[in-house]
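Spelled out, the chains give:
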Amino acid sequence: MSLKVHIHTDILPKHIAIIMDGNGRWAKQKGMIRAFGHENGTKSVRQVVEASAELGILNLTLYAFSTENWNRPRLEVKTLMKLLISSLKKEIKTLQDNDIRLTAIGNLNMLPKKVHEELKEVINSTKNNSRMTLTLALSYGSREELTHAIKEITSKVKNNIISIENIDESIINKHLYTQNLPDVDLLIRTSGEQRISNFLLWQIAYAELYFTEVLWPDFTKEDLYKAIIEYQKRERRFGKTSEQLS
Ligand code: IPE
Ligand code: IPE
Ligand code: MG
């Protein structure tokens with residue numbers, strides 16, 4: 001029986017973020033090239049997107065390509081960019097059928113023109129969908145995002161648009177790529193690695209972290225349910241005592 005029945009729909013995480021890791025190792029285990037792992041990883045993306053929408057998760061953010069990933073072999077980067085274009089073309093129907101809005105965070109100007117254009121097109125054609133917001137982190141790095149935000153804020157201070165006294169957490173939030181998203185409630189990383197790799201450092205301040213050994217191409221709806229069930233067992237204290245919460 002599906003684990004789905006154990007999920008409490010009244011206390012769902014409002015924002016799930018996933019570090020989709022392990023494509024290369026998955027392929028290697030099968031004696032295949034890394035690209036084969038990336039291709040199969042797109043199936044897991046579809047599973048997780050569908051499962052999240054079905055459950056009623058409002059925000060799902062997927063780490064697809066980091067600023068550091070530009071340092072991979074040129075051919076692998078090229079393969080990933082090609083795969084992105086074909087996935088965007090292919091998945092637009094899934095997004096429309098499921099009433100999902102696509103957005104993207106990251107230094108998007110770094111993306112090849114074709115990718116950027118396809119991305120803009122899908123973002124534009126799904127912008128009125130309202131069941132769930134799916135955010136792709138592309139050419140995304142948290143330090144780059146924070147640096148970008150600091151530049152914007154200081155330039156506004158210089159031009160007397162904001163005063164230093166008024167800089168607070170909400171102003172900083174408004175200058176991040178994630179400005180329209182709530183904080184992350186649940187962060188999942190696959191493949192057994194237990195690190196953040198420059199993902200949403202500010203936004204995960206109070207996220208529950210969930211690590212699994214499952215390699216990304218093997219990740220299914222059931223694995224997502226497992227993570228959510230574990231999340232729902234945790235007591236989120238936000239600095240308070242357990243007694244204060246009840
Ligand atoms: C995640 O899988 C996909 C991207 C980072 C683009 P990897 O390609 O990092 O796979 P491993 O970690 O080498 O197994
Ligand atoms: C993190 O995975 C980035 C994405 C999943 C897109 P990496 O495979 O790049 O992370 P490290 O290098 O192992 O930390
Ligand atoms: Mg990896």
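Just above sits the structure.
It should be emphasised that the depicted structure is a prediction, and the values quoted were computed from it without experimental measurement. (Residues numbered from 1 in each chain as written. Chains lettered and ligands numbered in written order. Predicted model: local features only at pLDDT ≥ 70, side-chain atom pairs only at ≥ 80, totals over all residues. Heavy atoms only, no water.)

K.L.:
For this particular structure, what's the right way to read the site of ligand 2?
P.N.:
Every residue lining ligand 2 is accounted for by I19, M20, D21, Y63, A64, F65, N69, R72, R189, R195 and S197. One of the side-chain N or O atoms of R72 is found 3.2 Å from an oxygen atom in ligand 2. Here an oxygen atom of ligand 2 sits 3.3 Å away from a polar atom, N or O, in the side chain of R189. Considered on its own, ligand 2 offers 390 Å² of accessible surface; in the complex 78% of this is hidden by protein. Considering each element in turn, the shell around ligand 2 owes the most residues, three residues, to strand β2 (residues 59-66). (Near = heavy atom within 4 Å. Polar contact = N/O pair within 3.5 Å; in protein donor to acceptor, adjacent residues only side chain to side chain. Areas by Shrake-Rupley, 256 points an atom, 1.4 Å probe, with all protein chains shown as cover. Helix = DSSP H or I, 4+ residues; strand = E, 2+ residues; numbered from the N terminus.)

K.L.:
Would you explain helix α5 (residues 142-158) in this entry?
P.N.:
Owing to its 3.6 residues per turn, the α-helix aligns residues three or four sequence positions apart on the same side. Helix length check: α5 (17 residues) gives 24 Å between terminal C-alpha atoms against 24 Å at 1.5 Å per residue, within 8%. Looking only at α5, the buried set comprises S142, E145, A149 and I153. Taken around the axis of α5, the buried residues stretch over an arc of 60 degrees, which confines them to a single face. Turned more than 90 degrees from where α5 packs its buried face, R143, I150, K151 and K158 sit exposed. Just downstream of α5, N160 is the residue with a positive phi angle, here 60 degrees. (Expected span 1.5 Å × (residues − 1). Buried < 20%, exposed > 50% of the residue type's maximum accessible area, 1.4 Å probe, protein only. Arc of directions from axis to C-beta.)

K.L.:
Got a minute to help me understand a positive patch on the surface in this structure?
P.N.:
Together, R74, K78, K82 and K114 line one region of the surface with positive charge. Looking at the positive patch, the element that brings in the most residues is helix α3 (residues 74-97), giving three residues. In this fold, K82 is placed in helix α3. What makes K82 exposed here is its relative accessible area of 59%. (Patch = residues over 30% accessible without salt bridge, like charges linked within 9 Å, V, L, I, M, F, W, Y side chains within 5 Å. Salt bridge = Lys/Arg side-chain N within 4 Å of Asp/Glu carboxyl O. Lys, Arg positive; Asp, Glu negative; His and termini not counted. Charge placed at Lys NZ, Arg CZ, Asp CG, Glu CD.)

K.L.:
Which parts of the structure should I look at to understand the site of ligand 1?
P.N.:
Around ligand 1, the surrounding shell consists of M20, D21, G22, N23, G24, R25, R34, H38, A64, N69, R72 and L80. Between an oxygen atom of ligand 1 and a side-chain N or O atom of R34, the distance comes to 2.8 Å. The side chain of R72 places a nitrogen or oxygen atom 2.8 Å from an oxygen atom of ligand 1. Coverage of ligand 1 by the protein chains reaches 86% of its 380 Å² of free accessible surface. Top element by residues in the shell around ligand 1 is helix α1 (residues 23-29). It accounts for three residues. Grouping the constituent residues of the shell around ligand 1 by class yields three nonpolar, five polar and four charged. (Nonpolar A, V, L, I, M, F, W, Y, C, P; charged D, E, K, R; others polar.)

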